[in-house]
Amino acid sequence: FFMKRFFSAFLAALMIVMMIVPVNVGAADNASFSITASKDSVNIGEEVTFTVHFSGAEGVSVLSIAPIYDKTVFELVSGNFVTITGDFDGTLGVFMSMSPMNLANADIFQFTLKAKAAASAKTVACSYTLQNINASWVTSDIPFTATDATVSVVCNHTFGAWEKHNAEQHKQTCSAC
């Protein structure tokens, strides 16, 4: 009788502690994001698609992605989750699951940018949040590394007619840049 009560009390205390203490549900310490571009170089007016690849973590409950790019060089055309369901509002993409998911080794997000000004070797990146949520709704961050992409924007100059610049010179101006 005494052992049965002791065992019941022990199990109850253990269950309470497990609900309070945050745990990473199988989260690996080697989670990583990498971005690849569909082209190394684009002309002004062309689009380039970036794919965010994720690997190495299990038990993901919350994932957010926000593309980071030079807004004087690029404009956002679109963005969407690929292998998971999430929302993208044009600035931030959010995925949330009540039961942790394994997202090991998958392309998870794509976004397309349109080049609007010439620039050499522009880095395109994302900011990320990666978390688990335990049974008590306590979040814990999952550590990760991230690799960015680099794209150059070039101009295939399109010159108009010669114009008089001053009394001795004429000039042509590129209509693209």
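Going by the structure above, here's the rest.
Note that this is a predicted model, so its numbers are computed, not measured.

What counts and what doesn't
- Every chain begins its residue count from 1, and numbering advances along the sequence as written.
- Predicted model: local features are reported for residues with pLDDT of at least 70 only, side-chain atom pairs are reported and counted for 80 or more only, and whole-chain, interface and lining totals are derived from all residues.
- The basis for every side-chain value is the complete set of non-hydrogen atoms in the structure, without hydrogens or water.
- Numbering of helices and strands runs from the N terminus; a helix is a DSSP stretch of H or I covering at least four residues, while a strand is a stretch of E covering at least two.
- Contact definition: two residues touch when any of their heavy atoms are within 4.5 Å.
- Take the buried Ala, Val, Leu, Ile, Met, Phe, Trp, Tyr and Cys residues and link them wherever side-chain atoms come within 4.5 Å; each set so joined is a nonpolar core.
- Whether a residue is buried, partly exposed or exposed follows from its accessible area with a 1.4 Å probe, protein chains only, as a fraction of its type maximum: under 20%, in between, or over 50%, in that order.
- In short, DSSP must find at least two bridges between two strands for them to pair.
- A fitted line through C-alpha atoms serves as each axis, taken over the contacting stretch for helices, and the angle formed by two N-to-C directions is quoted from 0 to 180°.
- Definition used for salt bridges: Asp or Glu carboxyl oxygen within 4 Å of a side-chain nitrogen of Lys or Arg.

A. Representation of the environment of Phe 81. Considering the arrangement of structural elements, one finds Phe 81 in strand 5 (residues 74–81). Sequence-distant contacts of Phe 81, defined by excluding residues within four places in its chain, comprise Leu 63, Ile 65, Gly 86, Asp 87, Gly 93, Val 94, Phe 95, Ile 108 and Phe 109.

B. Region of the structure containing the nonpolar core. Counting residues in hydrophobic clusters, the biggest one holds 36 residues, and the most contacted among them are Val 52, Leu 63, Phe 74 and Ile 108. Of all the elements, strand 8 (residues 106–115) adds the most residues to this core, at six residues. In this structure Leu 63 touches Phe 33, Phe 81, Ile 84, Gly 93, Val 94, Phe 95, Ile 108, Thr 129 and Leu 130, once residues within four positions along its chain are discounted.

C. Expanded view of the pairing of strand 8. Burial analysis of strand 8 places seven of its ten residues in the buried class, the great majority of the element. Pairing geometry for strand 3 (residues 47–55) and strand 8, over eight bridges, is antiparallel. Counterpart to Phe 54 in the pairing with strand 8 is Ala 106. Strand direction decides the pairing type here: strand 5 and strand 8, joined by seven bridges, are antiparallel. Of the residues in strand 8, the one forming a bridge with Gly 79 is Phe 111.

D. Here's a closer look at the sheet that holds strand 5. A sheet is described by the order of its strands in space; here five strands give the open sequence 5-8-3-1-11, paired in mixed fashion. Both outer strands of the open sheet, strand 5 and strand 11 (144–147), are each paired with one neighbouring strand and no more. Put simply, the sheet's adjacent strands are angled 20° from each other on average, direction ignored. Sheet topology note: the strand 1 (residues 31–37)/strand 3 ladder contains six bridges and is antiparallel. Following the sheet pairing, Ile 35 is matched in strand 3 by Val 52.

E. Fine view of the pairing of strand 12 (residues 149–154). Only one face of strand 12 is buried, namely the one carrying Ala 149, Val 151 and Val 153, since none of Thr 150, Ser 152 and Val 154 on the opposite face is buried. Taken together, the three bridges between strand 2 (residues 41–43) and strand 12 define a ladder with parallel strand orientation. Each residue of the ladder has a partner; that of Asn 43, found in strand 12, is Val 154. Examined bridge by bridge, strand 9 (residues 119–133) and strand 12 share four bridges and lie antiparallel to one another. Residue pairing in the sheet places Val 124 in a bridge with Ala 149 of strand 12.

F. Region of interest: the pattern of salt bridges. Tallied over the entire structure, the rule returns two salt bridges. Between Glu 46 and Lys 39 there is a salt bridge, and its shortest N-O distance comes to 3.9 Å. On the accessibility criterion, Glu 46 (29% relative accessible area) is partly exposed. For the salt bridge of Lys 122 with Asp 70, the shortest nitrogen-to-oxygen distance reads 3.0 Å.

G. Just the environment of Ile 65, in detail. Note that Ile 65 resides in strand 4 (residues 60–68). Take Ile 65: its relative accessible area is 0%, and that puts it in the buried class. The sequence separation of Ile 65 and Phe 95 amounts to 30 residues, and the corresponding C-alpha distance is 8.7 Å. Residues contacting Ile 65, with those up to four places away along its chain left out, are Val 52, Phe 81, Thr 91, Leu 92, Gly 93, Ile 108, Phe 109, Cys 126, Ser 127 and Tyr 128.

Function-wise, these values are silent; they only describe arrangement.
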